[in-house]
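Working through the structure, step by step
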Amino acid sequence: MTGLLLVVSGPSGVGKTTIVHRIRERLGGTFSVSATTRPQGPGETNGLDYLFVSPTEFEDMLHRDEFLEHAEVFGRHAYGTPRKPVQESLDRGELIMLDIDVQGAMQVRDHLPDAFMLFILPPSEDELHRRLASRGRDDTEAIERRFAEARREIALATSRNIYDAFIVNDSLDRAVDEACELVTARRSTPPA
């Protein structure tokens, strides 16, 4: 099989991270390790969870065009996907996965147009709101902020020609099955 960069996006609460982990369990592959300027947290391993770099190192990497995509999150910390490890995995014929937002996916599409892009949708806005509230992680204000951001992300994803497929996560098992089928088909018949 040919190497494939799989990009999975979707709003908070839609289940995309769980879906990406299940795809990896079934099909193998690796996750791309992002570089970040945020401090290393307890239990995190540099180079495994993230590549922890200083703001100056991040800027140097940016100026050397070493990222497939990058963003500053909440105006505090920068994150980016280093290009070299992704390209090395592709050259070895491997499946490599990114779990990133729409803005990052747009950047990846520009750099690697053959990447396979999936966007995970909620069954409905009401269900998405319920999922965000039921996670128990945020107060009401944060839930509403995440919900508004999710609606913006869905609108952007569905209005641009970025994604190859949209999967509605109304049943986790069905969504994982659909994602695995799409990825397997793409790896078997890569674009010309």
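Here, every reference points to the structure presented above.
Structural notes, computed from the coordinates.

Conventions we followed
- Residues numbered from 1 in each chain as written.
- Predicted model: local features only at pLDDT ≥ 70, side-chain atom pairs only at ≥ 80, totals over all residues.
- Heavy atoms only, no water.
- Patch = residues over 30% accessible without salt bridge, like charges linked within 9 Å, V, L, I, M, F, W, Y side chains within 5 Å.
- Areas by Shrake-Rupley, 256 points an atom, 1.4 Å probe, with all protein chains shown as cover.
- Salt bridge = Lys/Arg side-chain N within 4 Å of Asp/Glu carboxyl O.
- Lys, Arg positive; Asp, Glu negative; His and termini not counted.
- Charge placed at Lys NZ, Arg CZ, Asp CG, Glu CD.
- Helix = DSSP H or I, 4+ residues; strand = E, 2+ residues; numbered from the N terminus.
- Expected span 1.5 Å × (residues − 1).
- Buried < 20%, exposed > 50% of the residue type's maximum accessible area, 1.4 Å probe, protein only.
- Arc of directions from axis to C-beta.
- Contact = heavy atoms within 4.5 Å.
- Pairing = 2+ DSSP bridges.
- Polar contact = N/O pair within 3.5 Å; in protein donor to acceptor, adjacent residues only side chain to side chain.

Let's talk about a negative patch on the surface
A cluster of acidic residues, Glu57, Glu59, Asp60 and Glu72, forms a negative patch at the surface. Among the elements that take part in the negative patch, helix α2 (residues 55-63) stands out by supplying three residues, more than any other. Its location among the elements puts Glu59 in helix α2.

A few points about helix α7 (residues 172-188)
Between the first and last C-alpha of α7 there are 24 Å, a value that for 17 residues agrees with the 24 Å anticipated at 1.5 Å per step. Of all the positions in α7, only Ala175, Val176, Ala179, Cys180, Val183, Arg186 and Arg187 are classed as buried. Mapping the buried residues of α7 onto a view down its axis gives an arc of 130 degrees, with all of them on the same face. Along its buried surface, α7 packs onto β1 (4-9), α1 (16-27), β7 (95-99), β8 (116-121) and β9 (165-168).

Some points on the pairing of β8
Among the six residues in β8, six count as buried, and that is most of the element. Side chains of β8 alternate between two faces, with Phe116, Leu118 and Ile120 and Met117, Phe119 and Leu121 buried alike. Bridge analysis of β1 against β8 gives four bridges, and the strand direction is parallel. Within β8, the position partnered with Leu6 by the bridge is Phe116.

Some thoughts on helix α6 (residues 140-159)
Given a rise of 1.5 Å per residue, 20 residues ought to cover 28 Å, and the 29 Å separating the end C-alpha atoms of α6 matches this to within 8%. Those residues of α6 that fall on the buried side of the exposure criterion are Ala142, Ile143, Phe147, Ala150, Glu153, Ile154, Leu156 and Ala157. The inward-facing, buried residues of α6 abut α4 (102-111), β8, α5 (125-134) and β9. With a side-chain oxygen lying 3.2 Å from the backbone nitrogen of Glu141, the N-terminal cap of α6 falls on Asp139.

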